[in-house]
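Architecture and fold: a report
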Amino acid sequence: MNWIWVVLILFWTGAFAWVADTARGALRNRHERKLERIEAAKQARLAVEAANKPPEPICGCAHHLAKHDKTGRCHERVEVPTAWDENKKPTHYEAGQCNCQQYVGPQPLSQVYAEELTDRI
Ligand SMILES: [Zn+2]
Ligand SMILES: [Zn+2]
């Protein structure tokens, strides 16, 4: 009579292990799907934010619009090479002005806004 119990116990532990395994797998899958959903929502939010934000007004000379004056000249201080080695690599630098002639980056939207018209007398 004893061997039946042994077989039954072996069967139960095996079945229990299988059920536990399946449950764990299902939980893990659900967790992964949830993470994917969170990640997708984050990406969508970032895309919306990027679309609403005006582009940074950076000129082709890599300097900000604020560094350019009314005539378009760039006033950013830059390092100008004054000496080169035999491999044409600059060895000495001197402080100089960026020789950009005109700002070519994106123009920021005007910050001026019009007051709403009212018919108050
Ligand atoms: Zn420039
Ligand atoms: Zn510049």
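**Some words on the pairing of strand E2 (residues 90-97)**
Looking along a regular strand, one sees the side chains alternate between the two faces of the sheet. Among the 8 residues that make up E2, 0 are buried, leaving the element largely open to the surroundings. Direction of pairing for strand E1 (residues 77-84) relative to E2: antiparallel, over a ladder of 7 bridges. If you follow Trp84 over to E2, its bridge partner there is Pro90.

**A word on the pairing of E1**
In terms of burial, E1 is a largely surface element, 0 of the 8 residues being buried. Hairpin connection from E1 to E2: 5 residues lie between these consecutive antiparallel strands, with Lys88 at a positive phi of about 60°.

**Some points on the domain arrangement of the protein**
Domain boundaries assigned for the protein yield domain 1 (1-53) and domain 2 (55-108). Centre-to-centre separation of domain 1 and domain 2, based on C-alpha positions: 56 Å.

Conventions used here
Residues numbered from 1 in each chain as written. Chains lettered and ligands numbered in written order. Predicted model: local features only at pLDDT ≥ 70, side-chain atom pairs only at ≥ 80, totals over all residues. Buried ≥ 20, exposed ≤ 12 C-beta atoms within 10 Å, placed from the backbone. Helix = DSSP H or I, 4+ residues; strand = E, 2+ residues; numbered from the N terminus. Pairing = 2+ DSSP bridges. Domains from an automatic or database assignment.

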